[in-house]
Amino acid sequence: MNTARRPAYAADAEHHRRDAPRYCPRCGCDLVGTGIAVEFWEGTNRVFHTWCAACRWTGDITPMTQMVGHEPEH
Ligand SMILES: [Zn+2]
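Below or above, wherever it landed, is the structure these notes cover. As the structure is a computational prediction, the values presented were derived from the model and not from experiment.

### Some remarks on the pattern of salt bridges
Where charged atoms of side chains with opposite charge meet at close range, the side chains can pair.
Then step 1. Inspection of every chain in the model, using the stated rule, returns 4 salt bridges.
Then step 2. Put simply, arginine 18 and aspartate 19 hold a salt bridge, and the shortest N to O gap is 2.8 Å.
Then step 3. We classify aspartate 19 as partly exposed; its relative accessible area is 24%.
Then step 4. Two residues, glutamate 39 and arginine 46, come together in a salt bridge whose shortest N-O distance is 2.7 Å.
Then step 5. Among the charged side chains, a network of salt bridges with common partners joins Arg18, Asp19, Glu39 and Arg46.

### A few points about the coordination of the zinc ion
Then step 1. Coordination of the zinc ion by the protein involves Cys24 (SG), Cys27 (SG), Cys52 (SG) and Cys55 (SG), with metal-donor separations of 2.3 to 2.4 Å.
Then step 2. For the zinc ion, the 4 donor atoms in the first shell make angles of 106 to 114° at the metal, a pattern classed as tetrahedral.
Then step 3. All donors of the zinc ion come from a single chain, and their spacing in sequence reads C-x2-C-x24-C-x2-C. One end of the pair, cysteine 24, is in the loop between helix 1 (7-19) and strand 1 (35-42); the other, cysteine 52, is in strand 2 (residues 45-52), with 28 residues separating them in the sequence.
Then step 4. A relative accessible area of 5% places cysteine 24 in the buried class.

Quick notes on the rules
- Residues numbered from 1 in each chain as written.
- Predicted model: local features only at pLDDT ≥ 70, side-chain atom pairs only at ≥ 80, totals over all residues.
- Heavy atoms only, no water.
- Salt bridge = Lys/Arg side-chain N within 4 Å of Asp/Glu carboxyl O.
- Buried < 20%, exposed > 50% of the residue type's maximum accessible area, 1.4 Å probe, protein only.
- Donors = N, O, S within 2.8 Å, 3.2 Å for Na, K, Ca; no water.
- Tetrahedral: all angles 85-135°; square planar, octahedral: opposite > 155°, others 65-115°.
- Helix = DSSP H or I, 4+ residues; strand = E, 2+ residues; numbered from the N terminus.

Structure below.
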């Protein structure tokens, strides 16, 4: 695809290359070439549906820009 004619696509492709999971979260195997990380959107959230060929783990990974957690009182 000629990304020069579609700059929004080029930016999305660059973000995908930067953020797609490279290693399995369960076994640590390299996913590039031996697994799958397909990106889709749920509203404004980006989700990588991920599958590892080595251990068969399948799941969704969502990049976060801010973490909101809860801690009990100290
Ligand atoms: Zn794995």
